[in-house]
Each structure stands twice: as C-alpha cells, then as structure tokens.
Amino acid sequence: MTNINMAHLRERSTSGGYINFAVFDAKSTNGNNVGLLSVLTQAAINAGYKVDQSALAYSSGNRIMFEGNPNLVKYLSKNWRPHWTHKISI
C-alpha cells in the first residue's frame, strides 16, 4: 500500500455554492495521470470524503504543475501552494 498526501478543501464557487475538492501529491510513473487521478479520487470518495472536483499536484523543475478538472486547475494555478491535510492509501 502507498500513502499519498492529499488536501481536502471546501471553497465558495463563483455560482455561490460550495465546491469540495481534493488535490493529490502524485504523478503517474507510466504517464497515465488521468487514470491515477481517477483511482485517487475514487479512493477519497470511498474513504468518506466529498469530492466534486480533483487534481494532481507535482513538481516539474521549480514549478508546481496541476492536472485534473480544468476549473480546479485554473483556480489552483493562481496562487495555491500545497498544504496537505490528509493521507490516503491506495
């Protein structure tokens, strides 16, 4: 089993409601980030977290890269820096 850092956050959406999102400290080793994000998102949901949107966060050189839900990636890319709130096992 592997433990992955995760941030589970809830923010107000532009439409006035709230969005629960998960960001995972992970990058696929075989290039399938979409598949990895799907596995991690399902693991978070199975662990009882509400997840409306999700993304991966990983370092590339000196930059933090995000991959996942386009709206969440846009939000995270503005100023978000990882602050991991949980660990999830897969």
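Use the structure listed above.
Worth saying up front: this structure is predicted, and the values here are computed from it rather than measured. (Residues numbered from 1 in each chain as written. Predicted model: local features only at pLDDT ≥ 70, side-chain atom pairs only at ≥ 80, totals over all residues. Heavy atoms only, no water.)

S.K.: Can you walk me through the sheet that holds strand S3 (residues 53–60) in this structure?
M.R.: Strand pairing in a sheet relies on backbone hydrogen bonds. The paired strands run either parallel or antiparallel. Spatial strand order, S4-S3-S2-S1-S5: five strands in an open sheet with mixed pairing. Among the strands making up the open sheet, the edge pair consists of strand S4 (63–68) and strand S5 (86–89). Neighbouring strand axes in the sheet, compared pairwise and without regard to direction, differ in orientation by 35° on average. Relative to S4, S3 is paired through six bridges, and the arrangement is antiparallel. Its bridge partner being in S4, Ala57 is matched across the sheet by Phe66. Packing against the sheet, helix H1 (residues 33–46) makes contact with strand S1 (3–12), strand S2 (18–25), S3, S4 and S5, and its axis sits at approximately 125° to S3. (Pairing = 2+ DSSP bridges. Helix = DSSP H or I, 4+ residues; strand = E, 2+ residues; numbered from the N terminus. Axes fitted to C-alpha atoms, helices over the stretch in contact; angles between N-to-C directions. Contact = heavy atoms within 4.5 Å.)

S.K.: Is there a simple way to think about the side chain of Thr41 in this case?
M.R.: Along the chain, Thr41 falls in helix H1. Given the relative accessible area of 14%, Thr41 is considered buried. There is a polar contact of 2.8 Å between the side chain of Thr41 and the backbone oxygen of Leu37. Excluding residues that lie within four positions of it along the chain, Thr41 makes contacts with Phe24, Val51 and Ser54. (Buried < 20%, exposed > 50% of the residue type's maximum accessible area, 1.4 Å probe, protein only. Polar contact = N/O pair within 3.5 Å; in protein donor to acceptor, adjacent residues only side chain to side chain.)

The quantities given are spatial measurements derived from coordinates; they are silent on function.
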